[in-house]
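Residues per chain, in single letters:
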Amino acid sequence: MAVPPASWTILATLRWTADYFRTKGVSEPRAAAEILLAHTLSVSRLDLYLRYDQPLNPEELARFKALVIRRRAGEPVAYLTGHREFWSLDIRVTPAVLIPRPETEVLVAAALEAARFYEENEAGRKGPGEDQPKTGNRKPETSSFLGLEVGVGSGAVVIALATELPRMAWVGLDTSGGALAVARDNARRQAVLDRVHFLQSDLLAALRPTAAFALLLANLPYVPRAQWERLPREIKAFEPPGALLGGEDGLDLIRSLIRQAPQYVKGGGWVLLEVGDQQAQQVTALLQQSGAYDRIESIKDFSGMERVVRARRRNAAG
Ligand code: GLN
C-alpha cells in the first residue's frame, strides 16, 4: 500500500490515489483519480495541474476520500460525479440510466449521415398527386422532419442529434420513468427540449402506427443473459439491468422493434440499430427476412467491431 504523503497537496493526492487504485485493480487509475479530485474541488482536470502544490483542506480531503472508497468498491466514476461526456456534450447521469459509451457515438454519426441523405433525397419529394414545387429544387428554409429514438436512457443520443440537426424534431421513448426524467433534464440543459418530445413507452406501444418518421434509431438492451453474468462488477452491480439485458441471445427487443418499425417509418427513411459483439449478421438477417428494408449495411466502431446496422425503409412503390 502506498505511503501517505506528508502533505495532501493536489499532486501528492493524485499520486497516492492513482497508486491505490492501481493496487486495487480499479480500471484507469490515473484518470479516475483526476476526475474524482477535479469533481471534489469543482475545477477542471487541467486546473489540477495548474494548482498542483495547493493543499486540500480537511473538508475537501474527507469528501474526496469518500468518493475514492466508493470507486474502490466498484461504483462507476460517472455515477460518482453525475456526468459523462458524450459527443462533446456534458451529459448528466444517475444510476437510473446506462452511462453513455464512447462507441455509441458511431450510432450518432451513422444517423447524421442518414438524416442528411434523407433530407437531400427524400424530404423535398412530393407525395403522389402533389404538384412539383414551383420554386424548382430549392428546399424551403423551414424544411422539418421527424426522428424517433427508442430507449433514450440519459438522452445522450437523441440530444446529440437534436443539437446537430436544428431543423429536425424528435420523439424519444423509454420504458423507464426514471430515465425519462434524466433525459428531459439533459435536453433542457442542452437547450433542445423544445424539439424533443419524451414519452414513456414499451418499445413503440405508445405511438399510433403511422409512417411519420424519417429516422428511427435505437440502442436497445442487447446483452445475452450468459454474457451479462460475466460482465464486470462495475457494470453488473451498478448499471440498470433493464438497459442491458436482451434475453437469452440478447436480441429479444431488437427482434420486436424490427417487426414493428416498418409501420412507423416513411418510405426512404432509415432504421439504425446499435448491436453487440457478433450480432450484426443476425440483425442483418432479421432485417432481410422482414422484407421491408433495403440498403442494409453494418458500420464498424473504432475497435473494428460491427456496432451499428443501418437499413432503409423500402418505398411502397418499390
Ligand atoms: N455496450 C454496452 C455494454 O457493453 C451494452 C449496451 C446495450 O445493451 N445497449 O455494457
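Along each chain, numbering runs from 1 in the same order as the chain's sequence is written. Given that this is a predicted model, residues contribute local features only at a pLDDT of at least 70 and side-chain atom pairs are listed and counted only at 80 or more, while totals for whole chains, interfaces and linings are drawn from all residues. Processing note: side-chain calculations cover all non-hydrogen atoms of the structure and skip hydrogens and water entirely.

Looking at the overall build of the protein chain
Right, on to step 1. What the protein chain contains, in helices and strands, is 12 helices and 9 strands.
Right, on to step 2. The C-alpha extent of the protein chain, read off along each of the three principal axes, is 80 × 45 × 35 Å.
Right, on to step 3. Burial here depends on accessible area, computed with a 1.4 Å probe over protein chains only, as a share of the maximum for the residue type. Under 20% is buried, over 50% is exposed, and the range in between is partly exposed. Taking all 318 residues of the protein chain together, the buried fraction comes to 50%.
Right, on to step 4. Two residues qualify as a contact provided that any one of their heavy atoms is within 4.5 Å of a heavy atom in the partner residue. Long-range pairs, those at least 24 residues apart, make up 65% of the contacts in the protein chain between residues at least 6 apart in sequence.
Right, on to step 5. Only the protein chains shown count as cover for residues, and the accessible areas themselves come from Shrake-Rupley with a 1.4 Å probe. Carbon and sulfur atoms make up 50% of the accessible area of the protein chain, which totals about 15700 Å². A run of DSSP states H or I qualifies as a helix once it reaches four residues; a run of E qualifies as a strand once it reaches two. Both are numbered from the N-terminal end.

Observations regarding the sheet that holds strand β3 (residues 145–150)
Right, on to step 1. If DSSP finds at least two bridges between two strands, the strands pair. Here we have 7 strands laid out as an open sheet, ordered β5-β4-β3-β6-β7-β9-β8, and mixed in their pairing. Looking at the sheet topology across the chains shown, the edges are occupied by β5 (196–200) and β8 (293–300). Averaged over all pairs of adjacent strands, the angle between their axes in this sheet comes to 15°, without regard to strand direction.
Right, on to step 2. Across 4 bridges, the pairing between β3 and strand β6 (residues 213–218) is parallel. The convention used is that axes are lines fitted to C-alpha atoms, helices contributing only their stretch in contact, and that angles between N-to-C directions extend from 0 to 180 degrees.

Brief notes about the site of the ligand
Right, on to step 1. In the region of the ligand, the neighbouring residues are Leu 98, Arg 101, Glu 103, Asn 219, Leu 220, Pro 221, Tyr 222, Val 223, Ala 243 and Leu 244.
Right, on to step 2. The contact in question runs from an oxygen atom of the ligand to an N or O atom on the side chain of Arg 101, over 2.9 Å.
Right, on to step 3. We call two N or O atoms a polar contact when they sit within 3.5 Å, provided that within protein one can donate a hydrogen and the other can accept it, with sequence-adjacent residues counted only if both atoms are side-chain atoms. Within the contact set of the ligand, a nitrogen atom lies 2.7 Å away from a backbone nitrogen or oxygen of Leu 220.
Right, on to step 4. Protein contact buries 89% of the 300 Å² of open area that the ligand shows by itself.
Right, on to step 5. Residues that form the shell around the ligand fall into these classes: 7 nonpolar, 1 polar and 2 charged. Being near a molecule or strand, for a residue, comes down to having at least one heavy atom within 4 Å of it. In this classification, Asp, Glu, Lys and Arg are treated as charged, Ala, Val, Leu, Ile, Met, Phe, Trp, Tyr, Cys and Pro as nonpolar, and every other residue, Gly included, as polar.

Re the packing of helix α2 (residues 29–41) against helix α4 (residues 58–72)
Right, on to step 1. Orientation of α2 relative to α4, taken along the N-to-C sense of each, is 145°, at an axis distance of 10 Å. Here α2 runs over α4; the crossing is right-handed. Here α2 contributes Ala 33, Leu 36, Leu 37, His 39, Thr 40 and Leu 41 to the contact with α4, which in turn contributes Glu 60, Arg 63, Phe 64, Leu 67 and Arg 71.
Right, on to step 2. For the contact of α2 with α4, a count of residues per class yields 6 nonpolar, 2 polar and 3 charged. For any helix crossing, the convention is left-handed if the near helix is rotated counterclockwise from the far helix by under a right angle, and right-handed if that rotation is clockwise.

Brief notes about helix α1 (residues 10–23)
Right, on to step 1. Working rule for helices: expected span equals 1.5 Å times residues minus one. Its 14 residues give α1 an end-to-end C-alpha distance of 20 Å, which sits within 8% of 20 Å, the value for a rise of 1.5 Å per residue.
Right, on to step 2. The buried count for α1 comes to 10 of 14 residues, which makes it a mostly enclosed element.
Right, on to step 3. Those residues of α1 lying buried are Ile 10, Leu 11, Ala 12, Thr 13, Leu 14, Trp 16, Thr 17, Ala 18, Tyr 20 and Phe 21.
Right, on to step 4. On its buried side, α1 packs onto α2, α3 (45–50) and α4.

Some thoughts on the side chain of Glu 60
Right, on to step 1. Looking at the secondary structure, you find Glu 60 in helix α4.
Right, on to step 2. The charged side chain of Glu 60 is buried without a salt bridge, its nearest counter-charge being Arg 63 at 5.2 Å.
Right, on to step 3. When sequence neighbours within four positions are dropped, the list of residues in contact with Glu 60 reads Thr 40, Leu 41 and Pro 55. Residues counted as positive are Lys and Arg, residues counted as negative are Asp and Glu, and His and the chain ends are not counted. By definition, a salt bridge exists where a carboxyl oxygen of Asp or Glu is found within 4 Å of a side-chain nitrogen of Lys or Arg.

Side note on the environment of Gly 153
Right, on to step 1. Among the secondary structure elements, Gly 153 is positioned in the loop between β3 and α7 (156–164).
Right, on to step 2. Linking Gly 153 and Glu 103, residues 50 residues apart in sequence, is a C-alpha distance of 15 Å.
Right, on to step 3. When near neighbours in sequence (up to four residues on either side) are disregarded, Gly 153 contacts Val 97, Asp 174, Ala 179 and Ala 183.

What to know about the pattern of salt bridges
Right, on to step 1. Within the structure shown, the criterion is met by 18 salt bridges.
Right, on to step 2. We note a salt bridge from Glu 113 to Arg 310, for which the minimum N-O separation is 2.9 Å. With Glu 113 in helix α6 (residues 105–123) and Arg 310 in strand β9 (residues 306–313), this residue pair connects regions lying 197 residues apart in the sequence.
Right, on to step 3. Judged by relative accessible area, which is 7%, Arg 310 ranks as buried.
Right, on to step 4. The shortest N-O distance in the salt bridge between Arg 167 and Glu 119 comes to 2.6 Å. Of this pair, Arg 167 sits in the loop between α7 and β4 (168–174) while Glu 119 is found in helix α6, placing the two residues 48 residues apart along the sequence.
Right, on to step 5. It is possible to trace a salt-bridge network through shared partners that takes in Glu 103, Glu 274, Asp 301 and Arg 307.

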